[in-house]
Amino acid sequence: MSPIFELPSFDDLIADAVVVSLPMRVRFRGITTREALLLRGPAGWGEFAPFVEYDDEEAAHWLRAGIEAAWLGPPPSIRATVPVNATVPAIDASAVPELLERFPGSRTAKIKVAEKGQSLADDIARVNEVRRHIPNVRVDANGGWSVDEAVVALRALTEGGELEYAEQPCASVEELVRVRAAGTGVRIAADESIRRAEDPLRVVRAGGADVAIVKVPPLGGMRAVVALSTQLAEYGVPVVVSSALDTAVGMASGLAAAAALPELPFACGLGTGGLFVRDIAVVDPAISGALSVGAVEPDPSILAQLTATPERTAWWLGRVRRCHRILDQRGALNFV
Ligand SMILES: [Mg+2]
């Protein structure tokens, strides 16, 4: 059955809302503090944390996902744990061993490459250092290479061992198609090309992806991820459920979506909680590189310490009000 229900009123939506500000251990995605608005509804907690530069139309997808979590709860799960990858930002190779201590038991690492101001030699050194500790490695260029740079880099990065896949080596769908056709022997994963809800299948239809990175908030919820994954399976493209630097509440939705998928051949990108100095709840650490699936209840004393300033809270409440209005104009929420 397709759960359809009315949008909660704005007052109900924010009745127990808390805006938190989480300091990060290392700069990631250009930020050192992650802000999120947490919602509480009849089904539990949900998260609304679109990155601050996103416009309201885009952010409204994230609100839909937060409402699904807090008012409807997760879809039926078929697994109790989800394997996750360690995440290695664009740090110096010498800093890799200490960073990996935060991801004990990981069998897979995702490594940031193609960072502005760094060289291919930096990427090679970082990737090879990770290989000394973790057997499966994948890289994420966040669209930072041209087609030629990507082909050169992927050949160079596979001299020291295999790459599980390369995530978004170039920015555009057309470039991904060309890199994939160049025959580097490395699977191409689409992330930025797929994450928004508008036409996530375009890159796959164009022949630009072997693997799809899917995220709950920009796609509008857990059930949207499951539905998209079903469509992608028809093209033979497996998904990797990943976080958007979510707090433990948002991460629970990612884990629930991954737990609902019939096929999960790769470790998911849901292990980024270790990038925070402190998260809003104490969650069980990964065991043998896998996280437990289940609801997360923020710790009130931690929430109190991480609550954002009144100015930032007001900014987030204004944003959630505008996004609520957009969802209201779209009519009843239909979570297929
Ligand atoms: Mg990515």
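Fair warning: this is a prediction, and the values are worked out from it, not measured in the lab.

A. Spotlight on the coordination of the magnesium ion. Within the first shell, the magnesium ion binds the protein through Asp140 (OD), Glu167 (OE) and Asp191 (OD), at distances of 2.1 to 2.2 Å. On the basis of relative accessible area, Asp191 is assigned to the buried category, the value being 2%.

B. Structural context of the sheet that holds strand S4 (residues 44-48). With antiparallel pairing, three strands are arranged side by side in an open sheet as S2-S3-S4. The sheet is open, and its two edges are formed by strand S2 (18-28) and S4, each paired on a single side. Neighbour-to-neighbour, the strand axes of this sheet turn through a mean angle of 35°, independent of strand direction. Taken together, the five bridges between strand S3 (residues 31-41) and S4 define a ladder with antiparallel strand orientation. The residue of S4 that forms the bridge with Leu37 is Phe48. Sheet strands in contact with helix H2 (residues 56-72) are S3 and S4, and its direction is about 175° off that of S4. Relative to the sheet, helix H12 (residues 310-330) contacts S2, S3 and S4, its axis offset from that of S3 by approximately 55°.

C. Main features of unusual backbone geometry. Positioned with a positive phi, Asn142 is a non-glycine residue whose angle comes to about 45°. Mapped onto the elements of the fold, Asn142 is located in the loop between strand S8 (136-140) and helix H5 (147-157). For Gln168, which is not a glycine, the phi torsion comes out positive at approximately 40°. With respect to the element layout, Gln168 can be found in the loop between strand S9 (166-167) and helix H6 (173-181). Among the residues examined, Gln168 registers a relative accessible area of 0% and is labelled buried.

D. Representation of the UniProt feature "active site" (unreviewed entry) in the chain. In the numbering adopted here, UniProt assigns the feature "active site" (unreviewed entry) to Lys112 and Lys215. On the secondary structure map, Lys112 appears in strand S7 (residues 108-112). Mapped onto the fold, Lys215 is located in strand S11 (residues 211-215). For Lys215, a relative accessible area of 10% puts it in the buried group. Beyond its immediate chain neighbours, meaning those up to four positions away, Lys215 contacts Asp191, Val225, Ser242 and Ser243. Side-chain polar atoms of Lys215 contact the side chain of Asp191, separated by 3.2 Å.

E. Quick look at the sheet that holds strand S6 (residues 86-88). Across the sheet, which stays open at both edges, the seven strands sit in the order S6-S7-S8-S9-S10-S11-S12 with parallel pairing between neighbours. Each having just a single partner strand, S6 and strand S12 (239-242) make up the two edges of the open sheet. Relative to strand S10 (residues 188-190), S9 runs parallel, the two sharing two bridges. If you follow Ala166 over to S10, its bridge partner there is Ile188. Set on the sheet, helix H4 (residues 120-131) makes contact with S6, S7 and S8; between it and S7 the angle comes to about 165°.

F. Examining the pattern of salt bridges more closely. Taken as a whole and assessed by the stated rule, the structure comprises 16 salt bridges. Of the charged contacts in the structure, one is a salt bridge between Asp123 and Arg126, with a shortest N-O distance of 3.1 Å. Within this pair, Asp123 and its partner Arg126 are both found in helix H4, separated by three residues, close to a single helical turn. Of the residues examined, Asp123 reaches a relative accessible area of 2% and is grouped as buried. Among the salt bridges present, the one from Asp210 reaches Arg180, with a minimum N-O distance of 2.9 Å. Residue Asp210 is found in the loop between helix H7 (202-205) and S11, and its partner Arg180 is found in helix H6; the two are separated by 30 residues along the sequence. Overall, the relative accessible area of 22% leaves Asp210 in the partly exposed class.

G. Geometry of the packing of aromatic side chains. Counted under the stated rule, the structure contains six aromatic pairs. Ring centres of Trp315 and Trp316 lie 5.2 Å apart, and the angle between their planes is 80°; on these two criteria the pair is classed as edge-to-face. Residue class for Trp315 comes out partly exposed when judged on its relative accessible area of 30%. Through pairs of rings, three or more aromatic residues link up here, namely Phe48, Trp315 and Trp316.

What counts, and where the lines are drawn
- Residues numbered from 1 in each chain as written.
- Predicted model: local features only at pLDDT ≥ 70, side-chain atom pairs only at ≥ 80, totals over all residues.
- Heavy atoms only, no water.
- Donors = N, O, S within 2.8 Å, 3.2 Å for Na, K, Ca; no water.
- Buried < 20%, exposed > 50% of the residue type's maximum accessible area, 1.4 Å probe, protein only.
- Pairing = 2+ DSSP bridges.
- Helix = DSSP H or I, 4+ residues; strand = E, 2+ residues; numbered from the N terminus.
- Axes fitted to C-alpha atoms, helices over the stretch in contact; angles between N-to-C directions.
- Contact = heavy atoms within 4.5 Å.
- UniProt positions renumbered as here; feature names shortened; annotations may be inferred.
- Polar contact = N/O pair within 3.5 Å; in protein donor to acceptor, adjacent residues only side chain to side chain.
- Salt bridge = Lys/Arg side-chain N within 4 Å of Asp/Glu carboxyl O.
- Phe/Tyr/Trp six-rings, centres within 6.5 Å; stacked < 30°, edge-to-face > 60°.

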